[in-house]
Amino acid sequence: MAVISRGEVSYITGAASGIGRALATMLVSQGGLVVIADLNVEAGSKFASELNEKAGSIVAISVEVDTTVWEDQMAAFQQATNIFKRIDYVFANAGIAEHPWLPPFDPETAASRPMVKPDLATADINLTGQLYTAALALQTFERQEIGPSGFRGKLILTASVFGYYPSRAMPLYAASKAGIINFMRSAAQYYANKNITVNAIAPNLVDTPIAPDVLFIPFRERKLLSDMQLVLDQFQKCLGESTINGHALSISQDNVWAHPPDTHMFEENNPACDLISVELFKLFGDSTA
Ligand SMILES: NC(=O)c1ccc[n+]([C@@H]2O[C@H](COP(=O)([O-])OP(=O)(O)OC[C@H]3O[C@@H](n4cnc5c(N)ncnc54)[C@H](O)[C@@H]3O)[C@@H](O)[C@H]2O)c1
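The rules behind these values
- Residues numbered from 1 in each chain as written.
- Predicted model: local features only at pLDDT ≥ 70, side-chain atom pairs only at ≥ 80, totals over all residues.
- Helix = DSSP H or I, 4+ residues; strand = E, 2+ residues; numbered from the N terminus.
- Rg over C-alpha atoms; globule rule 2.2 N^0.38 Å.
- Buried ≥ 20, exposed ≤ 12 C-beta atoms within 10 Å, placed from the backbone.
- Contact = placed C-beta atoms within 7 Å.
- Near = placed C-beta within 6 Å.
- Nonpolar A, V, L, I, M, F, W, Y, C, P; charged D, E, K, R; others polar.
- Pairing = 2+ DSSP bridges.
- Axes fitted to C-alpha atoms, helices over the stretch in contact; angles between N-to-C directions.
- Parallel < 35°, antiparallel > 145°, perpendicular 65-115°, else oblique.
- Left-handed = near helix turned anticlockwise from the far one by under 90°.
- Core = buried A, V, L, I, M, F, W, Y, C linked by C-beta atoms within 7 Å.
- Right-handed = clockwise from strand over helix to strand, strands pointing away.

Description of the overall build of the chain
From N to C terminus, the chain includes nine helices and eight strands. Relative to its length of 289 residues, the chain is compact, with a C-alpha radius of gyration of 20 Å against a globular reference of 19 Å. If one aligns the C-alpha atoms of the chain with their principal axes, the spans along those axes are about 60 × 50 × 40 Å. Counting all 289 residues of the chain, 38% fall into the buried class. For the chain, long-range pairs separated by at least 24 residues make up 67% of all intrachain contacts whose partners lie at least 6 apart in sequence.

So this is what it looks like as structure tokens:
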């Protein structure tokens, strides 16, 4: 399994809790330096202090970031590069569980209720927030030299199996994660020959504070949770000298697989899809073929 080089720097959004926290702990144990970029600055700062105390040196810094606010993320990236000089890995990880976007379907009462503007918080954080992180990651990598692992940088987004499976209870979560999966595949193509890799990790349900504990009880009972160590193993596969690019590394319970893109009609669509890229790049003034 690919390992990071000592002193390599990771910027991780949502690292004060759950998957991001476990990832930061793993990277520091391998000699890495981490930037904990989280809305919950109290938990982030406490976590950074714990990591620094254990290491006996500064291996972690905490920055208060709302990933949906571009200026917050700009300032956090700036702070990270000022302190650590470069960023080798960016993990666009911060996310939330579904906020119901509409009231429950009820034709009996619908006529007496005003139509509501949908709550798009799930998409704001899970899609827009991660795209802001990605945009800063890719521009940071563009501005730095090739690092110790042979790359300008590596971007890893935390998606979900709901990036390709539908969920009747989580339409906005599924839409956001699907957006992340196909963004990842598209960006991976663009950056493939530019010493930058882009991948996504796509777990099924992992036991973290993302939802109230009561939600996890039936999953624990039926052994339907996905293992955190397996999730970390998939992140690890994207790091160091690894050349994997454009993969959706998926985890469900103790199963692991790289989810294939939907190949139905791919051969028939590919010539037109390819020509769209060629013609668009001409319009954009980009020399990439
Ligand atoms: N836990 C799961 O079952 C599961 C499964 C698949 C994918 N994921 C994804 O993994 C990622 C991490 O989830 P988790 O389970 O570790 O959740 P978590 O709630 O334990 O941690 C999420 C962290 O993100 C932070 N955060 C939330 N909104 C933010 C914002 N706008 N700006 C900055 N920080 C913000 C929170 O403060 C928290 O520290 C999410 O993208 C989630 O969708 C989780």
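What to know about the site of the ligand
Lining the immediate environment of the ligand, one finds 29 residues, of which Gly14, Ser17, Gly18, Gly95 and Thr208 sit closest. Looking at the shell around the ligand, the elements with two or more residues in it are helix 1 (18-29) and helix 5 (121-142). Across the shell around the ligand, the residue classes tally to twelve nonpolar, 15 polar and two charged.

Digging into helix 7 (residues 213-221)
Burial runs low along helix 7: only zero of the nine residues are buried. Note on helix 7: the residue one or two positions beyond its end, lysine 223, has a positive phi of about 50°.

As for the sheet that holds strand 5 (residues 153-158)
On the basis of which strands lie adjacent, the open sheet formed by eight strands has the order 3-2-1-4-5-6-7-8 and mixed pairing. Because the sheet does not close on itself, it has two edges, and the strands there are strand 3 (60-64) and strand 8 (255-258). The mean angle between the axes of side-by-side strands here comes to 15°, regardless of whether they run parallel or antiparallel. Where strand 7 (residues 248-252) meets strand 8, four bridges bridge the pair, whose relative direction is antiparallel. Counterpart to serine 252 in the pairing with strand 8 is asparagine 255. Along the sheet face, helix 6 (residues 171-191) touches strand 5, strand 6 (196-203) and strand 7 and points at about 160° away from the line of strand 6.

Brief notes about the packing of helix 1 against helix 8 (residues 228-237)
Packing of helix 1 against helix 8 brings their axes to within 10 Å, and their N-to-C directions diverge by 60°. Here helix 1 lies oblique to helix 8, going by the angle between them. Every pair of crossing elements has a handedness; the one defined by helix 1 and helix 8 is right-handed. Judged by residue contacts, Ile19, Ala22, Leu23 and Met26 of helix 1 engage Met228, Val231, Leu232 and Phe235 from helix 8. Class assignment of the residues belonging to the contact of helix 1 with helix 8 gives a composition of eight nonpolar, no polar and no charged.

So, the environment of glycine 163
Tracing the backbone shows glycine 163 in the loop between strand 5 and helix 6. Residue classification places glycine 163 among the buried residues on the basis of 23 C-beta atoms within 10 Å. Spatially, the C-alpha atoms of glycine 163 and alanine 178 are 3.7 Å apart, while their sequence positions differ by 15 residues. If we skip the residues at most four places from it in the chain, glycine 163 touches Lys177, Ala178, Ile180, Ile181, Ala202 and Ala248.

Remarks on unusual backbone geometry
Positive phi values are uncommon outside glycine, yet lysine 85 reaches one of about 75°. Mapped onto the fold, lysine 85 is located in the loop between helix 3 (70-84) and strand 4 (89-92).

Looking at the nonpolar core
Of all hydrophobic cores here, the largest spans 68 residues; its most connected members are Ile12, Val34, Ile36 and Ala200. The dominant element in this core, judged by the number of residues it contributes, is helix 6, at nine residues.

Some points on the environment of serine 226
With respect to the helices and strands, serine 226 occurs in the loop between helix 7 and helix 8. For serine 226, a count of 21 C-beta atoms within 10 Å corresponds to the buried category. In this structure, the C-alpha to C-alpha distance between serine 226 and serine 252, residues 26 residues apart in sequence, is 5.2 Å.

Considerations on the packing of helix 5 against helix 6
Across the interface, helix 5 lies against helix 6 with an axial gap of 7 Å and an inter-helix angle of 20°. Classified by the angle between their axes, helix 5 and helix 6 sit roughly parallel to one another. Helix 6 is crossed by helix 5, and the crossing has right-handed handedness. Of the residues in helix 6, those in contact with Thr122, Ala123, Asn126, Leu127, Gln130, Leu131 and Ala134 of helix 5 are Leu172, Tyr173, Ala175, Ser176, Lys177, Gly179, Ile180, Phe183 and Ala187. Of the residues assigned to the contact of helix 5 with helix 6, the class counts are ten nonpolar, five polar and one charged.

Observations concerning the pairing of strand 6
The buried count for strand 6 comes to eight of eight residues, which makes it a mostly enclosed element. Taken together, the six bridges between strand 5 and strand 6 define a ladder with parallel strand orientation. Within the sheet, the bridge partner assigned to leucine 157 lies in strand 6 and is alanine 200. What joins strand 5 to strand 6 is helix 6, and the crossover it makes is right-handed. Sheet topology note: the strand 6/strand 7 ladder contains four bridges and is parallel.

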